[in-house]
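Okay, here's what each chain looks like letter by letter:
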Amino acid sequence: MSTFPISTEPNQVTERGRLEPKNYDAVLLASFGGPEGQEDVIPFLRNVTRGRGIPDERLEEVSHHYRAFGGISPINQQNRELKAAIEGELARRGIELPVLWGNRNWDPYIAPVLQDAYDAGHRRILMLTTSIYSCYSSCRQYREDIGIALTETGLDGKLEVDKIRQYFDHPGVVQPFLEGTAAGLEEIRGKLVAAGETDPDSKIRVLFATHSIPTRDAEAAGRSVDEPREFAEGSAYAAQHLANAKAIMDQVAPDVAWDLVYQSRSGAPHIPWLEPDINDHLEAIAPEGVRGVVIVPLGFVSDHMEVAWDLDTEALETCGNLGIEATRVPTPGTHAAFVSGLVDLICERTVENNISERPHVTDLGPWYDVCRPNCCENFRGAKPVIAEKGATVGSGHDPYPVPEGSK
Ligand SMILES: CC1=C(CCC(=O)O)c2cc3nc(cc4[nH]c(cc5[nH]c(cc1n2)c(C)c5CCC(=O)O)c(CCC(=O)O)c4C)C(CCC(=O)O)=C3C
Ligand SMILES: [Fe+2]
């Protein structure tokens, strides 16, 4: 199995957003949440889209995706298994740190989880999200939901909550995708050779798939008003995915063509979102002679409805209609390297068992512990937010850390 170059060099820009290690008394595994029965579907969709102006037709359409699976999203079970795996890895390393689980959109909800944690005597919590890239939905929305929960429960000032950095390029994330991409390529090569293809690699396209987001959100992703940065394709969100994809392809198959594609677009048609959509892209590349694709769900750390429906149902059907051989690479799930990487990320932030080196596979990371003001701006209006320079909730007015020697 190929490995990849892992840098432990600090990043001069993001280093300024680094927090000193602290003593935490619990980890909060924070995720999206999903329905677990037909009766949950509509209440769940209302939770997700509250105040977001998603058209009813879209909700109706999305409810069918859930209905087709008995109203059950795999995401909660995935998170129960991930929580157990993190607990196992912490125990294996002799680290005593309870792991709590809370969701933004479904039970167990974040606010009661924080209240229970406080009642149980916890005072300082470290949040680990299942969203790994930089954008409003993946970063700020989690930070806001903690800010709102602390405010609503009256726990602000009594309970500190910090957040683990966006960790898209941690080797624990990239390793499972790299192994999956290599295995997927072997599978598709085999199928094309069996069909008489003499140079299969020239007929294969690797498609790295991630959630589309509004272009305006993409442009605000990872933004820093005090220290502007340029990103490939104008957004940290796209740039982070492109850098990960390149790191993977450089190792497994530098000569095979690949693209970054988007999925699961919602919102009104006249509002621009990141493109191309995976299905449109498949239609576009089929006439170019592509006969096999490897779909890498690079934007997602576990199987959930966006993977089960948008990729395994819709995109694979598009491939079938176009006569393209296709395979979908697994998500990290509870892959040992992923779980171990998550515990390493926890230890980056703890005094005991501290890990001071921050490995990263791309030169964009390691990402900030504390975001810049306006990073991943919420265009619908400011909310209480944690883990941000100048934040007045969460970890008690942490200043933006400036390492010694910098201006
Ligand atoms: C970047 C991103 C991730 C990846 C990062 C991460 O992994 O968190 C992600 C994950 C997920 N998105 C999910 C579900 C939904 N996302 C929606 C809507 C939206 N997502 C957006 C972005 C993202 N979303 C955006 C900009 C919208 C529209 C505006 C809004 O509403 O904010 C809607 C509303 C209906 C629709 O329009 O599709 C639903 C039901 C589930 C749970 C699946 C399950 O239940 O198994 C998961 C993991
Ligand atoms: Fe952010």
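In this text, all values refer to a predicted model and were calculated from it rather than measured experimentally. (Residues numbered from 1 in each chain as written. Chains lettered and ligands numbered in written order. Predicted model: local features only at pLDDT ≥ 70, side-chain atom pairs only at ≥ 80, totals over all residues.)

Any details on the overall build of the chain? Residues and values, ideally.
Regarding its fold elements, the chain presents 11 helices and eight strands. Against the globule reference of 22 Å for 407 residues, the chain gives a C-alpha radius of gyration of 21 Å, in line with a compact fold. A buried classification covers 50% of the 407 residues belonging to the chain. In the chain, of all internal contacts separated by at least 6 residues, the share reaching a separation of at least 24 is 81%. (Helix = DSSP H or I, 4+ residues; strand = E, 2+ residues; numbered from the N terminus. Rg over C-alpha atoms; globule rule 2.2 N^0.38 Å. Buried ≥ 20, exposed ≤ 12 C-beta atoms within 10 Å, placed from the backbone. Contact = placed C-beta atoms within 7 Å.)

Please give an account of the UniProt feature "binding site: Fe-coproporphyrin III" (unreviewed entry) in the chain that cites residues and values.
Following the UniProt record, the feature "binding site: Fe-coproporphyrin III" (unreviewed entry) maps to Ser73 and Tyr142 here. Turning to its location among the elements, serine 73 is positioned in the loop between helix H2 (56–67) and helix H3 (75–92). Looking at serine 73, the number of C-beta atoms within 10 Å reads 26, which means it is buried. Every residue in contact with serine 73, bar those within four places of it in the chain, is listed here: Gly34, Pro35, Tyr66, His304 and Met305. By the element assignment, tyrosine 142 lies in helix H5 (residues 136–153). Given 25 C-beta atoms within a 10 Å radius, tyrosine 142 is considered buried. Tyrosine 142 has contacts with Ala30, Arg104, Thr129 and Ser131, leaving out every residue within four places of it along the chain. (UniProt positions renumbered as here; feature names shortened; annotations may be inferred.)

Tell me about the nonpolar core, and name the residues and values.
In terms of nonpolar packing, the biggest core is built from 104 residues, with Val27, Leu28, Leu128, Phe208, Ile295 and Val296 touching the most fellow members. Counting residues in each nonpolar core, the second largest holds six residues, with Val41, Tyr66, Met305 and Trp309 among its members. (Core = buried A, V, L, I, M, F, W, Y, C linked by C-beta atoms within 7 Å.)

Let's hear about the sheet that holds strand S8 (residues 325–328): which residues, and what values?
Strand order in this open sheet of four strands is S6-S5-S7-S8, and the pairing throughout is parallel. Both edges of this open sheet fall to strand S6 (257–263) and S8, since each of them pairs with a single strand only. In this sheet, adjacent strand axes meet at a mean angle of 25° when their direction is disregarded. Two elements, strand S7 (residues 292–296) and S8, share four bridges in a ladder whose sense is parallel. Bridged to glycine 292 within S8 is glutamate 325. Across the face of the sheet, helix H6 (residues 171–194) comes into contact with strand S5 (204–211), S7 and S8 while running at roughly 165° to S7. (Pairing = 2+ DSSP bridges. Axes fitted to C-alpha atoms, helices over the stretch in contact; angles between N-to-C directions.)

Residue-level account of H5, with values.
Taken as a whole, H5 has its buried residues at Tyr136, Ser138, Cys139, Arg140, Tyr142, Arg143, Glu144, Asp145, Ile146, Gly147, Ala149 and Leu150. Buried residues along H5 sit against strand S1 (26–31), helix H4 (110–119), strand S3 (124–129), strand S4 (160–163) and helix H7 (215–220). Glycine 154 sits one or two residues past H5 and shows a positive phi near 75°.

So what about the site of ligand 1? Which residues, and what values?
Surrounding ligand 1, one finds 26 residues, the nearest of these being Gly34, Ser73, Ser266, His304 and Met305. Those elements giving two or more residues to the shell around ligand 1 turn out to be helix H1 (41–49), H2, H5 and helix H10 (305–322). Of the residues forming the shell around ligand 1, the biggest block, three residues, is contributed by H1. Looking at the shell around ligand 1, its residues break down into 10 nonpolar, 13 polar and three charged. (Near = placed C-beta within 6 Å. Nonpolar A, V, L, I, M, F, W, Y, C, P; charged D, E, K, R; others polar.)

Which residues make up the UniProt feature "binding site: Fe(2+)" (unreviewed entry) in the chain, and what values do they have?
Taken from the UniProt record, the annotation "binding site: Fe(2+)" (unreviewed entry) applies to His211 and Glu306. Over a stretch of 96 residues, the named residues converge on one spot in the fold, their C-alpha atoms separated by at most 8.1 Å. Structurally, the position occupied by histidine 211 is in strand S5. Taking the C-beta count within 10 Å as the criterion, histidine 211 has 22 such neighbours and is therefore assigned buried. Histidine 211 has contacts with Gln263, Ser264, Gly299 and Glu306, leaving out every residue within four places of it along the chain.

Requested: an account of the packing of helix H9 (residues 278–285) against H10, with residues and values cited.
Two elements in contact, H9 and H10, have axes separated by 9 Å at closest approach and are oriented at 15°. Considering their axes alone, H9 and H10 lie roughly parallel with respect to each other. Relative to H10, H9 is oriented so that their crossing is right-handed. Packed against H9, whose contacting residues are Ile278, Asn279, Leu282 and Glu283, the element H10 presents Glu314, Ala315, Thr318, Cys319 and Leu322 at the interface. Grouping the constituent residues of the contact of H9 with H10 by class yields five nonpolar, two polar and two charged. (Parallel < 35°, antiparallel > 145°, perpendicular 65-115°, else oblique. Left-handed = near helix turned anticlockwise from the far one by under 90°.)

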